[in-house]
Amino acid sequence: MSDIHQLVYASRATFQPTDNGGGVEPEVARILMQSRRNNPRRGLVGALYYGDGCFFQCLEGPRASIDDLFGRLQADPRHRDVLVLRRHEIAAPSFAEWSMKYVPTAGDVQTLLAMHGKDRFDPYTFDERLIEAMVGLLHHRADSDGLNPVAPPPRAARTMPEETHEGGARWLLPVLVFVAVAVAAVAAVLLR
Ligand SMILES: Cc1cc2nc3c(=O)[nH]c(=O)nc-3n(C[C@H](O)[C@H](O)[C@H](O)COP(=O)(O)O)c2cc1C
């Protein structure tokens, strides 16, 4: 029997959203920094989604750490109506690379909601299938807030198609410059 648990809950933010042009909400950024500082020393990992004023968080780790954090979470004034959507034992953490992955509001969440006949993110109405699909989406989406200093995942797991493309372009320029300089040097020697 494993002592590792997964807990998924919903809650409502108590702070007003800021008009920051679609960037990470300052309060959410503070929560992420706090989570990423605390979770590694408690053996916790997970993912956080924030949309339409609601949080959807998946926490994984030793049962005692989950219980302890959940106690503190329920007393946190930055959200209310904390509702456990799912809690069960798991063989091993599935977000093992992330002290707290942040998934921003994105088109594929809207698509998932639309597929389930919903036009806004209201996790209180999610059934077991939608909870499972949302956790799956948290796994597959890139963490793009750029604030995760704690648990950088292995390169292979983190690489996105755009990154591969950009990485390739970054490599190519110095190589081309080196080849051009080498050809010029050889030509200069031969023509002397
Ligand atoms: C939606 C939400 C998610 C949170 N997630 C975490 C978390 O994963 N880990 C954590 O340590 N604190 C998390 N917090 C903050 C805790 O409620 C609490 O403020 C914090 O653990 C206290 O940390 P401190 O003792 O370092 O001040 C979260 C808060 C909110 C509102």
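Here, the structure is the one placed above.
A few points on the structure. (Residues numbered from 1 in each chain as written. Predicted model: local features only at pLDDT ≥ 70, side-chain atom pairs only at ≥ 80, totals over all residues. Heavy atoms only, no water.)

**Considerations on the pattern of salt bridges**
Side chains that differ in charge, positive against negative, can pair when their charged atoms come close.
Next up, step 1: Counting across every chain of the model gives 11 salt bridges.
Next up, step 2: For Glu27, the salt bridge goes to Arg78, with nearest N and O atoms at 3.6 Å. Of this pair, Glu27 sits in helix 1 (residues 26-42) while Arg78 sits in the loop between helix 2 (63-74) and strand 4 (79-89), and the two are 51 residues apart along the sequence. Across the pair, Arg78 and Glu27 agree in class, each one buried.
Next up, step 3: With a shortest N-O distance of 3.7 Å, Arg141 and Asp108 are connected by a salt bridge. Pair noted here: Arg141 is in the loop between helix 4 (128-140) and helix 5 (155-158) and Asp108 is in helix 3 (residues 107-115), with a separation of 33 residues, a long-range link.
Next up, step 4: Overlapping salt bridges, with partners in common, bring together Glu27, Arg30, Asp76 and Arg78 in one network. (Salt bridge = Lys/Arg side-chain N within 4 Å of Asp/Glu carboxyl O. Helix = DSSP H or I, 4+ residues; strand = E, 2+ residues; numbered from the N terminus. Buried < 20%, exposed > 50% of the residue type's maximum accessible area, 1.4 Å probe, protein only.)

**Quick look at the nonpolar core**
Soluble globular proteins: nonpolar side chains tend toward being buried together.
Next up, step 1: By size, the foremost hydrophobic cluster in this structure holds 23 residues, and its most contacted members are Tyr49, Phe56, Phe95, Phe121, Phe126, Met134 and Leu138.
Next up, step 2: When contributions to this core are tallied by element, the ones reaching two or more residues are strand 1 (4-13), strand 2 (45-51), strand 3 (54-62), helix 3 and helix 4.
Next up, step 3: Take this core: its biggest share by element is 6 residues, from helix 4.
Next up, step 4: Excluding anything up to four places from it in sequence, Leu138 contacts Ala47, Tyr49, Phe56, Phe95, Lys101 and Val103. (Core = buried A, V, L, I, M, F, W, Y, C linked by side-chain atoms within 4.5 Å. Contact = heavy atoms within 4.5 Å.)

**Observations regarding the sheet that holds strand 2**
Next up, step 1: On the basis of which strands lie adjacent, the open sheet formed by 5 strands has the order 4-1-3-2-5 and mixed pairing. With partners counted over all chains shown, the strands left at the sheet margins are strand 4 and strand 5 (101-103), one partner each. Going from strand to strand, the sheet's axes swing by 15° on average, the running direction of each strand aside.
Next up, step 2: Pairing between strand 1 and strand 3: 9 bridges, direction antiparallel. For Val8, the partnering residue across the bridge sits in strand 3 and is Cys58.
Next up, step 3: Packed on one face of the sheet, helix 2 meets strand 1, strand 3 and strand 4 and runs near 150° to strand 3. (Pairing = 2+ DSSP bridges. Axes fitted to C-alpha atoms, helices over the stretch in contact; angles between N-to-C directions.)

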